[in-house]
Amino acid sequence: MDKIVEALPYYFSGKVVSGFGRGSTELGCPTANVDESVVDALPSAIQEGVYYGYARIAGGQVENMVMSIGRNPQYEGKRLTMEVHLLCTFPEPFYGKSIDGLVLGFIREMHKFDSKEALVAAIQNDIAIAKEKLETEMKQETIQRYFKC
């Protein structure tokens, strides 16, 4: 855990790519999957888990986010992915658009749950934790420093 904290904050920039679609269809939590080149460039200190921070699509408004980095153990995934859930509503899909984000903190490790319902409950708890943590961060100063707004 100390190594993760030392690697933060961590800024990334890439493109939104198609995923399996489970976030929006099965879990009620749509995600923006980040392209593999960004995933491959993650520092070794950034381990699999759930994180919180800020992100934006196509240079737009910076929004609060929760992000998973992992192999989706619930679905026995093999490939490491980064999936960003923006804590706002977007009117249309944004596949192929740019995404940049700032990872500020670690919430929990990834693991397989006993049921889909347990996973959904954990995701909702992750979102609540992220909202609480991001209320206490120095949002405007942090956004201006990293996102050049």
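Our structure is the block above this text.
Just so it is clear, the structure is predicted and the values come from calculations on it, not from any experiment.

1. Comments concerning the nonpolar core
Counting 26 residues, the largest nonpolar core has Phe12, Met82 and Val84 as the members making the most contacts within it. Looking at this core, the elements that each hand over two or more residues are helix H1 (2–7), strand E1 (10–17), strand E2 (32–34), helix H3 (36–40), strand E3 (49–57), strand E4 (63–70), strand E5 (81–86) and strand E6 (98–108). Setting aside residues no more than four positions away along its own chain, Met82 makes contact with Phe12, Ala32, Asn33, Val34, Val38, Val39, Leu42, Met67, Ser68 and Ile69. Within the second largest apolar cluster, 18 residues are counted, among which are Val50, Tyr54, Leu134 and Phe147.

2. Focus: the pattern of salt bridges
A complete count under the given rule lists five salt bridges for this structure. Ionic pairing is found between Glu48 and Arg71, a salt bridge with its closest N-O pair at 2.2 Å. Linking Glu48 in the loop between H3 and E3 with Arg71 in the loop between E4 and E5, this pair joins segments that are 23 residues apart in sequence. For Glu48, a relative accessible area of 31% corresponds to the partly exposed category. For Arg71, a relative accessible area of 33% puts it in the partly exposed group. Put simply, Arg108 and Asp126 hold a salt bridge, and the shortest N to O gap is 2.8 Å. With a gap of 18 residues between them, Arg108 in strand E6 and Asp126 in helix H4 (residues 116–136) connect regions that are remote in the sequence. The pair Arg108 / Asp126 is uniform in exposure class, with both members buried.

3. Description of helix H5 (residues 139–147)
Along H5, the residues classified as buried are Thr142, Ile143 and Phe147. Looking straight down H5, one finds that the buried residues subtend no more than 100 degrees of arc, so they occupy a single side. Residues of H5 that are buried make contact with E1, E3 and E6. At the exit of H5 stands Lys148, carrying a positive phi of roughly 55 degrees.

4. Looking at the packing of aromatic side chains
Across all of its chains, the model carries two aromatic pairs by this definition. On the numbers, 6.0 Å between centres and 70 degrees between planes, the contact of Tyr11 with Phe147 is edge-to-face. Here the residue Tyr11 occupies a position in strand E1, and Phe147 occupies one in helix H5, the gap between them amounting to 136 residues. Using a relative accessible area of 34% as the deciding quantity, one classes Tyr11 as partly exposed. Classification of Phe147 as buried rests on a relative accessible area of 1%. Where Tyr51 meets Phe106, the ring centres are 5.2 Å apart and the plane angle is 70 degrees; that geometry is what we call edge-to-face.

5. With respect to the sheet that holds E5
The strand order around the closed barrel built from six strands is E1-E2-E5-E4-E3-E6, with neighbouring strands paired in antiparallel fashion. When the angles between neighbouring strand axes are averaged without regard to direction, this sheet yields 45 degrees. Sheet topology places E3 next to E6; eight bridges connect them, and they run antiparallel. Bridge pairing links Ala55 to Gly101 in E6.

6. Details of the side chain of Arg56
Within the secondary structure layout, Arg56 lies in strand E3. At 3.1 Å, the side chain of Arg56 and the backbone oxygen of Phe147 are in polar contact.

How each quantity is defined
- Residue positions within a chain follow its written sequence, with the count starting from 1.
- Only residues with pLDDT of at least 70 are given local features in this predicted model, and only at 80 or more are side-chain atom pairs given and counted; all residues enter the totals for whole chains, interfaces and linings.
- For side-chain calculations, the full set of non-hydrogen atoms in the structure is used, while hydrogens and water are omitted.
- Put simply, buried Ala, Val, Leu, Ile, Met, Phe, Trp, Tyr and Cys residues joined by side-chain atoms within 4.5 Å make one nonpolar core.
- Under the scheme applied here, a residue whose accessible area is under 20% of the maximum for its type counts as buried, over 50% as exposed, and between as partly exposed, the area being computed with a 1.4 Å probe on protein chains only.
- Under the DSSP-based scheme used, a helix requires at least four consecutive residues in state H or I and a strand at least two consecutive residues in state E, with every element numbered from the N terminus.
- The contact definition used throughout considers only heavy atoms, calling two residues in contact when any of these lie within 4.5 Å.
- For this analysis, a salt bridge means a side-chain nitrogen from Lys or Arg found within 4 Å of a carboxyl oxygen belonging to Asp or Glu.
- Throughout, the arc means the angular range of directions from the helix axis out to the C-beta atoms.
- Pairing of aromatic side chains requires ring centres within 6.5 Å, counting the rings of Phe and Tyr and the six-membered ring of Trp. Pairs whose planes differ by under 30 degrees are stacked, by over 60 edge-to-face, and all others tilted.
- The criterion for strand pairing is that DSSP finds at least two bridges linking the strands in question.
- Orientation is described by axes fitted as lines to C-alpha atoms, over the contacting stretch for helices, and by angles from 0 to 180 degrees between their N-to-C directions.
- Residues adjacent in sequence count toward polar contacts only when both atoms are side-chain atoms; beyond that, a polar contact is any pair of N or O atoms within 3.5 Å, and within protein one must be able to donate a hydrogen and the other to accept it.

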